[in-house]
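Report on the structure
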Amino acid sequence: MPRKPQIAVVDGQGGGVGKVLVERLRQTFGQAVKITALGTNSRATAEMLRAGADEGATGENAIVVGAGRADVITGVLAIVLANTLLGEVTPRMAEAIATSPAHKLLIPFSKCGVEIVGVAPDSLSGRIDQAVRQIGDYLAEAEA
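Thresholds, definitions, all that
- Residues numbered from 1 in each chain as written.
- Predicted model: local features only at pLDDT ≥ 70, side-chain atom pairs only at ≥ 80, totals over all residues.
- Heavy atoms only, no water.
- Helix = DSSP H or I, 4+ residues; strand = E, 2+ residues; numbered from the N terminus.
- Buried < 20%, exposed > 50% of the residue type's maximum accessible area, 1.4 Å probe, protein only.
- Contact = heavy atoms within 4.5 Å.
- Areas by Shrake-Rupley, 256 points an atom, 1.4 Å probe, with all protein chains shown as cover.
- Lys, Arg positive; Asp, Glu negative; His and termini not counted.
- Charge placed at Lys NZ, Arg CZ, Asp CG, Glu CD.
- Arc of directions from axis to C-beta.
- Polar contact = N/O pair within 3.5 Å; in protein donor to acceptor, adjacent residues only side chain to side chain.
- Pairing = 2+ DSSP bridges.
- Right-handed = clockwise from strand over helix to strand, strands pointing away.

Helix and strand counts for the protein stand at five helices and five strands. What you see in the protein, going N to C, is helices and strands ordered as β-α-β-α-β-α-β-α-β-α. Taking the principal axes of its C-alpha atoms as reference, the protein extends roughly 40 × 35 × 30 Å. A burial count over the protein gives 44% of its 144 residues as buried. Here the contacts in the protein between residues at least 6 apart in sequence split such that 68% fall between residues at least 24 apart. In the form shown here, the protein has an accessible surface area of approximately 7300 Å², with 52% of it arising from carbon and sulfur atoms. Both charge centroids of the protein, one from 14 positive and one from 15 negative side chains, sit 4 Å from each other.

Now the structure itself:
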């Protein structure tokens, strides 16, 4: 039996973005993928688990290990920038995610304190939908 693609959703603070990502990923892919919630704090992890993640872990080491095991990593752009999300993203976390061989789909989010020049304005919901579509495209290419 082929292994399910592993998608790591990384979030912090209240876990709201991660929760929506997990919900949309689960609605789109059902049980065909394994979703791992990686939270910078327990609240974020709990929100993503409630939204339908298969498993979850919290903290720096969990994110470092999880980033190395994932086929796809998704979350807001801040997860690859040290000391963002009010300091919740440690340099070690950001480096592990950025250097992971996983395919990364990062969502620009102005509340992270980083603005990407040339990115068309869109709602957070619209950007999450786009990320889910691109994950589907990536998974389809990986199977081919």
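Positionally, Gln6 belongs in strand β1 (residues 6–11). Excluding anything up to four places from it in sequence, Gln6 contacts Lys34, Arg69, Ala70, Asp71 and Val72.

What follows is about helix α2 (residues 42–50). For the α-helix, the turn length of 3.6 residues means that residues three or four positions removed from each other point alike. Taken as a whole, α2 has its buried residues at Ala44, Thr45, Glu47 and Met48. In an axial view of α2, the angular spread of the buried residues amounts to 160°, which keeps them on one side of the axis. Away from its buried face by more than 90 degrees, α2 exposes Ser42, Arg43 and Arg50. Those residues of α2 that are buried lie in contact with β1, α1 (16–29), β2 (34–39) and β3 (55–58). Structurally, the start of α2 carries an N-cap: the backbone nitrogen of Arg43 is 3.0 Å from a side-chain oxygen of Asn41. Backbone geometry just after α2 places Gly52 at a positive phi near 120°.

With respect to the secondary-structure elements, Thr45 resides in helix α2. You can call Thr45 buried: its relative accessible area is 4%. Not counting residues up to four positions away in its chain, the partners in contact with Thr45 are Ala37, Leu38, Gly39, Gly56, Ala57 and Thr58.

In terms of burial, β2 is largely enclosed, as five of its six residues are buried. Relative to β2, β1 is paired through six bridges, and the arrangement is parallel. Looking at the pairing, Ile7 lines up with Ile35 of β2. At this point the chain moves from β1, through α1, to the parallel β2, and the crossover so formed is right-handed. Where the polypeptide runs from β2 across α2 and back to β3, its parallel neighbour, the crossover connection is right-handed.

A few words now on unusual backbone geometry. Here the phi dihedral of Leu85 falls at roughly 50°; this positive angle occurs in a residue that is not glycine. Topologically, Leu85 is positioned in the loop between β4 (72–76) and α4 (91–99). Residues other than glycine seldom take positive phi values, yet Leu86 does so here, at roughly 60°. For Leu86, the location among the structural elements is in the loop between β4 and α4. The class for Leu86 is exposed, based on a relative accessible area of 81%.

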